[in-house]
Amino acid sequence: MTIEHNVDSSQLTTFRTRGAVAEQLYHLETVDDVVEFARYVAPQRRQWLVLGGGSNMLLVHSVECAARVEITDRRIIEETASRVILRLGAGLHWHSCVEWAVANGWAGIEAMALIPGTVGAAPIQNIGAYGQQLSDVCRWVEGVDVYSGRTVTLAAQDCHFGYRDSVFKRERKGNFIITAIGVELEKRTDARVAYDELARRLTTRDTVTISDIFETVVTLRRGKLPPDDIGSAGSFFKNPVVELHRAAQLAERYPDMPRYQQNGAVKLSAGWLIEQCGYKGIRRGDAGVYDRHALVLVNYGTARGEDILRLAAEIKAAVHERFGVELEEEVIIV
Ligand code: EPU
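### Points about the packing of aromatic side chains
On inspection of all chains with the given rule, the structure shows 10 aromatic pairs. For the ring pair Phe 37 and Trp 48, a centre distance of 5.8 Å and an interplane angle of 80° mean the geometry is edge-to-face. Taken together, the residues Phe 37 in helix α1 (residues 31-41) and Trp 48 in strand β3 (residues 48-51) connect sequence positions 11 residues apart. Judged by centre distance (5.1 Å) and plane angle (85°), the rings of Trp 100 and Trp 106 are edge-to-face.

### Focus: the domain arrangement of the chain
By the assigned domains, the chain splits into domain 1 (2-69), domain 2 (74-222) and domain 3 (227-333). The C-alpha centroid of domain 2 is placed 24 Å from the C-alpha centroid of domain 1. On the side of domain 2, 16 residues touch domain 1, which itself brings 14 residues to the contact. Both faces combined, the contact of domain 1 with domain 2 buries some 1,200 Å², and carbon together with sulfur accounts for 73% of it. Taken together, domain 1 and domain 2 are joined by 0 salt bridges. Our enumeration of links across domain 1 and domain 2 arrives at 2 residue pairs in polar contact (both at pLDDT 80 or more). The element best represented in the side of domain 1 that touches domain 2 is α1, accounting for 6 residues. Among the residues making up the side of domain 1 that touches domain 2, the classes are represented as 9 nonpolar, 4 polar and 1 charged.

### Some points on the nonpolar core
Core analysis: the largest hydrophobic core is formed by 61 residues, its most contacted members being Phe 37, Leu 88, Trp 94 and Leu 185. For Phe 37, the residues in contact, after removing those within four places along its chain, are Met 1, Tyr 26, Leu 28, Ala 42, Pro 43, Trp 48, Cys 65, Ala 67 and Ile 177. Of all hydrophobic cores here, the second largest spans 36 residues; its members include Tyr 254, Trp 272, Ala 294 and Leu 297.

### Regarding the site of the ligand
Around the ligand there are 25 residues in total, and Tyr 130, Tyr 163, Tyr 195, Ser 269 and Glu 275 lie nearest to it. Between the ligand and Glu 275, the relevant distance is 2.6 Å, taken from a nitrogen atom to a side-chain nitrogen or oxygen of the residue. Summarising the interface, the protein chains cover 83% of the accessible area of the ligand, which totals 810 Å² for the free molecule. Elements supplying a minimum of two residues to the shell around the ligand: β9 (128-129), α4 (210-224), β14 (231-235) and α6 (270-276). Residues that form the shell around the ligand fall into these classes: 10 nonpolar, 7 polar and 8 charged. Of the domains in this structure, domain 2 (74-222) and domain 3 (227-333) are the two that each give at least three residues to the shell around the ligand.

What counts, and where the lines are drawn
Residues numbered from 1 in each chain as written. Predicted model: local features only at pLDDT ≥ 70, side-chain atom pairs only at ≥ 80, totals over all residues. Heavy atoms only, no water. Phe/Tyr/Trp six-rings, centres within 6.5 Å; stacked < 30°, edge-to-face > 60°. Helix = DSSP H or I, 4+ residues; strand = E, 2+ residues; numbered from the N terminus. Domains from an automatic or database assignment. Contact = heavy atoms within 4.5 Å. Buried area = accessible area lost by both parts, 1.4 Å probe. Salt bridge = Lys/Arg side-chain N within 4 Å of Asp/Glu carboxyl O. Polar contact = N/O pair within 3.5 Å; in protein donor to acceptor, adjacent residues only side chain to side chain. Nonpolar A, V, L, I, M, F, W, Y, C, P; charged D, E, K, R; others polar. Core = buried A, V, L, I, M, F, W, Y, C linked by side-chain atoms within 4.5 Å. Buried < 20%, exposed > 50% of the residue type's maximum accessible area, 1.4 Å probe, protein only. Near = heavy atom within 4 Å. Areas by Shrake-Rupley, 256 points an atom, 1.4 Å probe, with all protein chains shown as cover.

Take a look at the structure:
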């Protein structure tokens, strides 16, 4: 394991906000490194945190100690005529795993192309896009329990996956360091299209392959989400889920409002709500709302964590005042 000192927050997260520092940054390259960190380093620190690719995090305050899991091995664990089970190291870039799967004709994650961040970060918020989510394919999550310093494997059902949610945001927050995940994919090249916007783009084809889905998602995301040189963490808020009667009241006033039935409740589109409040494309200094997608907050250069947080609070208040809907952050705020 190697250690860097006084690393600025602009180097730690994809938001690249300034003004906070990690006094020590540990690079953990093997499971043994993670065990050693959990047993001997973390208990000595007042405060520590693990960064994935830092792609879903806003760092507002300095931290004494940060760790980055950089385990990058990937293996086929089991293979049959119709399925394959993969073990993916937590430090791999998620997108490179999607490319690997699509190139080999393994279906199940092709619609999750270009989600930034690492494999180890994927289960925490149960990443999802265009009708797929990690929990559809994840079989287990391996990690190190920080209290005991032991390696633990959690079966998928023990991860309590929900919409952008899991046990790693709750009971296992701050006490479990993910080292690898197991995913089960299907060997097939034909694809199931489970998202309207994708279906509309693919109507001209007779058969749709997983490569078609992959390429369409890459094009869609490149069109909507900021390029790498603009700091951001993807969607800043979750899409709010409201009760049926509340959605019906809103729909009466706003017939064009996007809404999606969800077992007895209705999911609204945070991007739409924010755009209606006039925030799409606005800027407060270097903190802004991306002009092609209102759910994405961006750092145009020198924004600090608290600048983004202030803008987020302003947006939440505006959406609450106009629609009576409470937005909740998807991004982890430190
Ligand atoms: N919309 C607007 N204005 C906007 C943005 C969106 O009116 O500025 C409307 C769209 O017209 C559409 C609806 O909102 O009717 C939904 O938009 P979109 O399909 O872009 O998806 P989203 O709900 O905003 C979610 C995920 C994204 C994921 C996309 C595609 C969350 C919080 N976000 O966004 O995930 O890529 O669906 O599946 O669930 C992320 O989590 O970081 C992320 C980017």
